[in-house]
Amino acid sequence: MPALLVGALDLALLTSTRIRLSPPLLVLAIAAAVGWYLALALILLVRRAPRAHAAPATSELGAEPPAVANLLVNHFAVTPAAEPATLLDLAARHVIDIDELEPGSYICRLRTSDDATLTPYEARVLALLRHRAVDGVVPAGALTTGTDASASRWRRAFNADVIKDAQQRGLCRDYWSKAILSLLSMWGLANLVILYAAVSAGTVDVSNDVPIMAVLFAVGAVVLGSVALAGRLARSHRQLPTSAGLQAASRWLGVQAYLQGDEVFPTLSPASVTMWSRYLAHGAALGVATAAVQALPMGAEDDRWAWSSWGGRWRQVRIDYPTWWPLGWGRSPASALFLGLVVAGGAVGVLYALARWQPAVFTLIPVRYWLWARRAAAGVAAVCVLVGIGGIWLLVRAVLDLWSRVPVTGLVLRLRKHATGGGGNSTDYRYYTGVDDGSAPRVRAWVVSAEQYAHLKEYQPVTATVTGNLRHVRSIIRAPVAASAGQPTSVAAPQPDQSVH
C-alpha cells in the first residue's frame, strides 16, 4: 500500500504548477475504478471451479502421470508431493533405481536413458539427479533443490511444466485467461488515463483544496492498485477444470480411496517401488504413500506444506503465517480493541489537526511553498483515511471477539517462530502454530505465547479455544486420546524432515 500511495502522489504532482480538475472526469475515474473491482468480483463469482466427486474405489490406474494425478486430486493445484512421486515413477519405469542401503537410508542410481521419452518435468527431476550424482549415485538426503530462493524457482518451473502437460491433455485451462487478463489490464490502464485527464485537463483549480486533493490521492491509490493486482493475476498458476478434467479427477479420487483402504500402503519405503511399481508412484502423488514421500526430501521440509492425518486419511495441507494481514491477527480482543482505537483515533486526530491548524501553519511557510505544502497535506489526509478505515474494521472485529470462544480440536502441523526485531542485542519473536482441524485444505497459523509454544510439539493432537475473528488463542492443551481417534492407526504421524532448502 505505501508504494501505491507514492505512485498516486507522483500521479497527482504533475509537472504543472497547478492542478486543474475536471469534476465529470473525476466522477468517471471513480466509477471506472469501482467498476474494475466489481468486474473482478463478478469473475470470481461466475468462474468458481466445481469440485470433483470421488468415483467408486478402483485399482485401475489412469493414463495420467503421477504429477498430473496430483494436480487433479488437489483441486487442480500441484502440491510438493508431485516431485517425489515423479521420482518414484522414474524408478518404476526403470529410468533410475532406488536401493535401501540400511533401514531408513536410500540411494538413487542413474541408468542410461533416452530423455526424449520424458515429459519436461520428468526431465527436470532427472537433471537434478544428474547434477547431484557422484559416480551415478545420489543419496536421498542430497535430493534437495538448493536454497529457499532456488528451491522456490525450481518448484515454480516444475509446477508450470505439470500444468502445461495437464492443459495439453485437455484436463484444465488457465483460470485467468488471456482475454480476462487483457480486459483487466487495459481497463486498469484506461482508469489511469482517465485520472490523468481529470487532473490535467480540467477547468477547476483545486491546488489549494486539501479535501479534494486527498480524494485524488485515494482514487490514485485505488487505480494503481488495480493495475498492480492485474499484474499479479498474470503470474498466477490457478487452473479451471474442464469436463474431462473433472471426470479424470473423479476417477483418481476413486484410486485414492482404494489405496487408502490398504493399511500397509502408507508404511511402504521408496525401495518398495520394485514390487509395487507405478502404484507406489501414484500413491505418493495421491497423498497415500506417506513414508515413501517422507524418505525422499525433494526440496526438504516446507514451511507452507505439511502432511496431515487428521480426519482419518493422509493429505497435504497449505499453511499461511499472517503478519500484517488480516489486521490484528492473533491479538487478544482487548489488545486489538486498544490498537483499533489508537489507529482510528490517530487517523481522525491527524485529519482534525490538518483541518484545524493548516491556516496557522501556512503562515510560517513562505508563499512559494504553499502549493507543495497543500499537496503534501492532501497526501497525508489520504493516508489517514485509509488507515482510519483499517482501524475501524479492526475495532469491529475486536468487539465481536470480546465474548467469542470457539473450540477447535486438531493436529499441530508446524511450529515456527519468526523474528520481529528488538532493541540492542535482543530479538523478539512471533510464535506460530499451524493446526489442522480437517475442515479445509488451507489453514492460517495461530499466534501463541512463548509459554504455549514451549509446551507444543509437531504432529501432536491439541484442543484449543480461540476467538472467532482474530483467532486469538485463549487456551491450547494436548487433546485427550479420544479426541485424536480420527487419525489413521496403521502408521505413526510422519516426523518433520530436518533438512533445509
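Note: the structure precedes this text.
Structural notes, computed from the coordinates. Keep in mind the model is a prediction, meaning the values are calculated, not measured.

1. Side note on unusual backbone geometry
Working step 1: Here Trp325 and Pro326 are connected by a cis peptide whose omega angle stands at 0°.
Working step 2: Structurally, the position occupied by Pro326 is in the loop between strand 9 (315–320) and helix 13 (333–362).
Working step 3: Despite not being glycine, Ser277 has its phi angle at roughly 50°, a positive value.
Working step 4: The residue Ser277 is located in the loop between helix 10 (273–276) and helix 11 (278–285) in this model.
Working step 5: One non-glycine residue, Arg471, lies in the positive phi region at around 55°.
Working step 6: Within the secondary structure, Arg471 sits in the loop between strand 14 (461–466) and strand 15 (473–478).

2. Quick word on helix 2 (residues 23–46)
Working step 1: Taking 1.5 Å as the rise per residue, helix 2 with 24 residues should run 34 Å; its terminal C-alpha atoms sit 34 Å apart, in good agreement.
Working step 2: Of the positions making up helix 2, those classed as buried are Leu26, Ala29, Ala32, Ala33, Gly35, Trp36, Ala39, Leu40 and Ile43.

3. A look at the layout of surface pockets
Working step 1: If you add up the space inside the second largest pocket, you get close to 260 Å³.
Working step 2: Along its surface, the second largest pocket is lined by Asp320, Trp329, Val408, Val435, Asp437, Ser439, Ala440, Arg442, Val443, Arg444, Trp446 and Arg471.
Working step 3: Top contributing element to the lining of the second largest pocket by residue count: strand 12 (residues 442–444), with three residues.
Working step 4: Classifying every residue of the lining of the second largest pocket gives six nonpolar, one polar and five charged.

4. A short note on the packing of aromatic side chains
Working step 1: Counted by the stated rule, this structure contains 10 aromatic pairs.
Working step 2: Ring geometry for Trp154 against Phe158: centres 5.5 Å apart, planes inclined by 10°, an arrangement best described as stacked. With a gap of four residues between them, Trp154 and Phe158 both fall in helix 6 (residues 148–168), about one helical turn apart. Each member of the pair Trp154 and Phe158 is classed as buried.
Working step 3: Summarising the aromatic geometry, the rings of Tyr321 and Tyr432 are spaced 5.5 Å apart at their centres and angled 85° between planes, so their arrangement reads as edge-to-face. One end of the pair, Tyr321, is in the loop between strand 9 and helix 13; the other, Tyr432, is in strand 11 (residues 428–436), with 111 residues separating them in the sequence. Each member of the pair, Tyr321 as well as Tyr432, carries the same accessibility label: buried.
Working step 4: By the ring-pair criterion, three or more aromatic residues cluster together here, those being Tyr121, Trp154 and Phe158.
Working step 5: The aromatic ring of Tyr175 is capped on one face by Arg47, whose charged end is 5.4 Å from the ring centroid.
Working step 6: Cation over ring: Arg444 sits above Trp329, and NZ or CZ is 5.6 Å from the ring centre.

5. Let's talk about the environment of Ala63
Working step 1: With respect to the helices and strands, Ala63 occurs in the loop between helix 2 and helix 3 (66–73).
Working step 2: Exposure remark for Ala63: the relative accessible area of 68% places this residue in the exposed category.
Working step 3: Sequence separation between Ala63 and Ala248 is 185 residues; the distance between their C-alpha atoms is 9.5 Å.

6. Description of the pairing of strand 8 (residues 305–308)
Working step 1: Burial of the side chains of strand 8 extends over both faces: Trp305 and Trp307 are buried on one face and Ala306 and Ser308 on the other.
Working step 2: Pairing analysis gives four bridges linking strand 8 to strand 9, with the strands arranged antiparallel. Within strand 9, the position partnered with Trp307 by the bridge is Gln316.

7. Side note on the sheet that holds strand 8
Working step 1: In spatial order, the strands read 8-9-12; together these three strands make up an open sheet with mixed pairing. The open sheet is flanked by strand 8 and strand 12, the only strands paired with a single partner. If you compare each strand with its neighbour and ignore which way they point, the axes differ by 40° on average.
Working step 2: Here three bridges tie strand 9 to strand 12, and the two strands are oriented parallel to one another. Pairing of Arg318 across the sheet is with Arg442, part of strand 12.

8. Notes on the sheet that holds strand 3 (residues 105–110)
Pairing between the strands of a sheet is mediated by backbone hydrogen bonds and can be parallel or antiparallel.
Working step 1: Read across the open sheet, the three strands follow the order 2-3-4; overall the sheet is antiparallel. Because the sheet does not close on itself, it has two edges, and the strands there are strand 2 (96–102) and strand 4 (137–139). Put simply, the sheet's adjacent strands are angled 30° from each other on average, direction ignored.
Working step 2: In this structure, strand 2 lies alongside strand 3, joined through six bridges in antiparallel fashion. Residue pairing across strands places Ile96 opposite Leu110, the latter belonging to strand 3.
Working step 3: Packed on one face of the sheet, helix 4 (residues 82–92) meets strand 2 and strand 3 and runs near 100° to strand 2.
Working step 4: Against the sheet, helix 5 (residues 120–132) makes contact with strand 2, strand 3 and strand 4, and its axis sits at roughly 100° relative to strand 3, the strand it touches most.

9. What to know about helix 11
Working step 1: With six of eight residues buried, helix 11 lies mostly within the body of the structure.
Working step 2: For helix 11, the full list of buried residues reads Leu280, Ala281, His282, Gly283, Ala284 and Ala285.
Working step 3: Here the buried face of helix 11 lies against helix 3, helix 4, helix 9 (243–260), helix 10, helix 12 (290–294) and strand 8.

10. Looking at a nonpolar patch on the surface
Working step 1: There is a patch of nonpolar side chains on the surface, built from Ile30, Val34, Leu38 and Val215 and spanning about 320 Å² of accessible area.
Working step 2: Looking at which element gives the most residues to the nonpolar patch, the answer is helix 2, with three residues.
Working step 3: Here Ile30 is to be found in helix 2.
Working step 4: When its relative accessible area of 34% is taken as the criterion, Ile30 is described as partly exposed.

11. Brief notes about the nonpolar core
Working step 1: Ranked by internal contacts, the top residues of the largest apolar core, which has 86 residues, are Leu72, Leu87, Ile96, Leu143 and Trp446.
Working step 2: By residue number, the principal contributor to this core is helix 4, which donates seven residues.
Working step 3: Discounting chain neighbours no more than four positions away, the residues touching Trp446 are Trp329, Val408, Tyr431, Tyr432, Thr433, Val435, Ala464, Val466, Arg471, Val473 and Ile476.

12. A short note on the pattern of salt bridges
One side chain can pair with another of opposite charge once the charged atoms of both are near each other.
Working step 1: Across all of its chains, the model carries 13 salt bridges by this definition.
Working step 2: Between Arg251 and Glu64 there is a salt bridge whose closest N-O contact spans 3.4 Å. Taken as a pair, Arg251 in helix 9 and Glu64 in the loop between helix 2 and helix 3 lie far apart in primary sequence, 187 residues in all.
Working step 3: Between Glu122 and Arg93 there is a salt bridge whose closest N-O contact spans 2.7 Å. Residue Glu122 is located in helix 5, and its partner Arg93 is located in the loop between helix 4 and strand 2; the two are separated by 29 residues in the primary sequence.
Working step 4: The exposure class assigned to Arg93 is partly exposed, which follows from its relative accessible area of 28%.
Working step 5: Overlapping salt bridges, with partners in common, bring together Asp89, Arg93, Glu122 and Arg278 in one network.

Calculation criteria
- Residues numbered from 1 in each chain as written.
- Predicted model: local features only at pLDDT ≥ 70, side-chain atom pairs only at ≥ 80, totals over all residues.
- Heavy atoms only, no water.
- Helix = DSSP H or I, 4+ residues; strand = E, 2+ residues; numbered from the N terminus.
- Expected span 1.5 Å × (residues − 1).
- Buried < 20%, exposed > 50% of the residue type's maximum accessible area, 1.4 Å probe, protein only.
- 1 Å grid on protein atoms, 1.4 Å probe; cavity = no way out; pocket = protein on both sides within 12 Å on 5 of 7 lines; lining within 4 Å.
- Points joined across faces, edges and corners; volume = space filled by probe spheres on them.
- Nonpolar A, V, L, I, M, F, W, Y, C, P; charged D, E, K, R; others polar.
- Phe/Tyr/Trp six-rings, centres within 6.5 Å; stacked < 30°, edge-to-face > 60°.
- Lys NZ or Arg CZ within 6 Å of the ring centre and 35° of its normal.
- Pairing = 2+ DSSP bridges.
- Axes fitted to C-alpha atoms, helices over the stretch in contact; angles between N-to-C directions.
- Contact = heavy atoms within 4.5 Å.
- Patch = residues over 30% accessible without salt bridge, like charges linked within 9 Å, V, L, I, M, F, W, Y side chains within 5 Å.
- Areas by Shrake-Rupley, 256 points an atom, 1.4 Å probe, with all protein chains shown as cover.
- Salt bridge = Lys/Arg side-chain N within 4 Å of Asp/Glu carboxyl O.
- Core = buried A, V, L, I, M, F, W, Y, C linked by side-chain atoms within 4.5 Å.

That's the geometry; what it means functionally is another story.
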